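# Reading the structure
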Amino acid sequence: VAADPAEALDAHGGASAMEYKYDGARIQLHRDGDRVAIWSRRMTDVTRSLPDIVAIALRDLSGAPLILDGEVVALDATGRPLPFQELMRRFRRVRGVEEAAGALPLTLHLFDCLMAAGRSYLDEPYARRWEALERVTGGRWLAERAMVTRAEDGAALMARALAEGHEGLMAKDPRSTYEPGGRGKRWLKLKAALTVDCVIVAADRGSGRRVGWLSNYHLAVRDGDGWAEVGKTFKGLTDREFGEMTERLRALATGDDGYTVRVRPEVVVEVDYNEIQRSPTYPSGFALRFARIARIRPDKVPGQATTLEELRGLYERQFATKGRLAPTSE
């Protein structure tokens, strides 16, 4: 992650390819003749769930055999991106696929070329992979991008991406080769900071390298005189902080079932999140997607934590840029 376009430019030697960062589902698209296969980030075959993306591949992509990286995004009736939660309802569907494709259309944004015309581009620099991508797509279905050399141009692109309902930007070093599963400073995320102040109300015992620590924290916001849980996270703290937090929470323990320790709601943490989702899991009705502790807030008391009403307002404000599904009649 980079703080801003200037930091990304500095990391990339003064020139960076900056692309929209879409709030979608990552895919890898394979085509060999008339055969198309689409794989999810977790290497699940999702081809049958995405007939509209298969149609795009057969109609608009050339230069097979090819392998491309991209993102699929769900759209509302006006063409604005829908929240990730809505996309997943379509992405995982195995029944009624054709009907769902009509009701919830997807769009495709391609951003990398691993193979074209049977030739591997894994060891080619990003700039050449993008050239290959332009050839096989004919310039269609590409991620919005710009080659940036000035921080102010990157900031303007970032503002446009956010205004259109996307997450921010990816900044990519034009000299970088493709590294499966790795990014380092070659690919940097540029995102708007989204944070809320939560209170830890419980913690699960850690496993693996976190054995001995209370390290999966149950997060809650204020709900009147009580607390409404909105998610869990084990991300964001250093090993030293995990140890210190474990001792602090043990001193606040009010119950222990052998796995989860309930604690008095006294520890306030600032939490980064990607999106607020509706959730049937938590009585609050909401969940923080990709929650991560940004910092511990010893300067704040629990009464200063975010309220459920404030969280509801943040959820609604997402739709100032996100699309919204039209209500369906039962």
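Residues numbered from 1 in each chain as written. Predicted model: local features only at pLDDT ≥ 70, side-chain atom pairs only at ≥ 80, totals over all residues. Heavy atoms only, no water.

### A few points about the nonpolar core
Let me state the cut-off plainly: Among buried residues, the Ala, Val, Leu, Ile, Met, Phe, Trp, Tyr and Cys ones that are joined through side-chain atoms within 4.5 Å form a nonpolar core. Burial here depends on accessible area, computed with a 1.4 Å probe over protein chains only, as a share of the maximum for the residue type. Under 20% is buried, over 50% is exposed, and the range in between is partly exposed. The secondary structure listing takes helices from DSSP runs of H or I that are at least 4 residues long and strands from runs of E that are at least 2 residues long, numbered from the N terminus.
Core analysis: the biggest nonpolar cluster contains 35 residues, and Ile 38 and Ile 53 have the highest contact counts within it. When contributions to this core are tallied by element, the ones reaching two or more residues are strand S2 (25-32), strand S3 (35-40), helix H2 (51-60), strand S4 (66-74), helix H3 (84-91), strand S5 (106-116) and helix H5 (126-137). Core analysis: the second largest hydrophobic core is formed by 31 residues, Val 196, Ile 200, Ala 228 and Val 271 among them.

### Comments concerning the environment of Ala 146
Inspection of the secondary structure assignment puts Ala 146 in strand S7 (residues 145-148). In this structure, the C-alpha to C-alpha distance between Ala 146 and Ala 100, residues 46 residues apart in sequence, is 34 Å.

### Concerning the pairing of strand S10 (residues 195-205)
Note the threshold: In short, DSSP must find at least two bridges between two strands for them to pair.
A large share of S10 lies buried, amounting to nine of its 11 residues. Sheet topology places S10 next to strand S15 (residues 268-272); five bridges connect them, and they run antiparallel. Within S15, the position partnered with Thr 195 by the bridge is Asp 272. Across six bridges, the pairing between S10 and strand S11 (residues 214-223) is antiparallel.

### Remarks on the side chain of Thr 246
Selection rule: Whenever a nitrogen or oxygen atom comes within 3.5 Å of another N or O atom, the pair is scored as a polar contact, on the condition that within protein one atom can donate a hydrogen and the other can accept it, and that pairs from neighbouring residues in sequence are kept only if both atoms are in side chains. Only heavy atoms enter the contact rule, under which two residues are in contact if any of them lie within 4.5 Å.
With respect to the helices, strands and loops of the structure, Thr 246 is situated in helix H7 (residues 239-251). Polar side-chain contacts of Thr 246 include one of 2.8 Å to the backbone oxygen of Phe 242. The residues contacting Thr 246, other than those within four sequence positions of it, are Gly 212, Trp 213 and Leu 214.

### Here we look at the environment of Arg 324
Structurally, Arg 324 can be placed in the segment after helix H8 (308-317). Between the C-alpha atom of Arg 324 and that of Pro 83, which follows or precedes it by 241 residues, the distance is 7.8 Å. Arg 324 has contacts with Asp 76, Leu 82, Glu 316 and Phe 319, leaving out every residue within four places of it along the chain.

### Comments concerning H3
Burial within H3 is extensive, with seven of its eight residues counted as buried. Inspection of H3 places Phe 84, Gln 85, Glu 86, Leu 87, Met 88, Arg 90 and Phe 91 among the buried residues, and these make up the whole buried set.

### Some thoughts on the sheet that holds S7
Quick reminder of the rule: An axis is simply a line fitted to the C-alpha atoms; with a helix, the fit covers only the stretch in contact. Between two such axes, the angle follows the N-to-C directions and lies from 0 to 180 degrees.
What the four strands build is an open sheet, ordered S7-S1-S8-S9; its pairing is antiparallel. The strands lining the two open edges of the sheet, one partner per strand, are S7 and strand S9 (187-191). On average, adjacent strands in this sheet sit at an angle of 25 degrees to one another, irrespective of strand direction. In terms of strand pairing, strand S1 (residues 16-21) meets strand S8 (residues 168-172) through five bridges, oriented antiparallel. Residue pairing in the sheet places Ala 17 in a bridge with Lys 172 of S8. On the sheet, H5 packs against S1, S7, S8 and S9 and is oriented at approximately 55 degrees with respect to S1. Of the strands in this sheet, S1, S7, S8 and S9 are in contact with helix H6 (residues 151-163), which crosses S8 at around 140 degrees.

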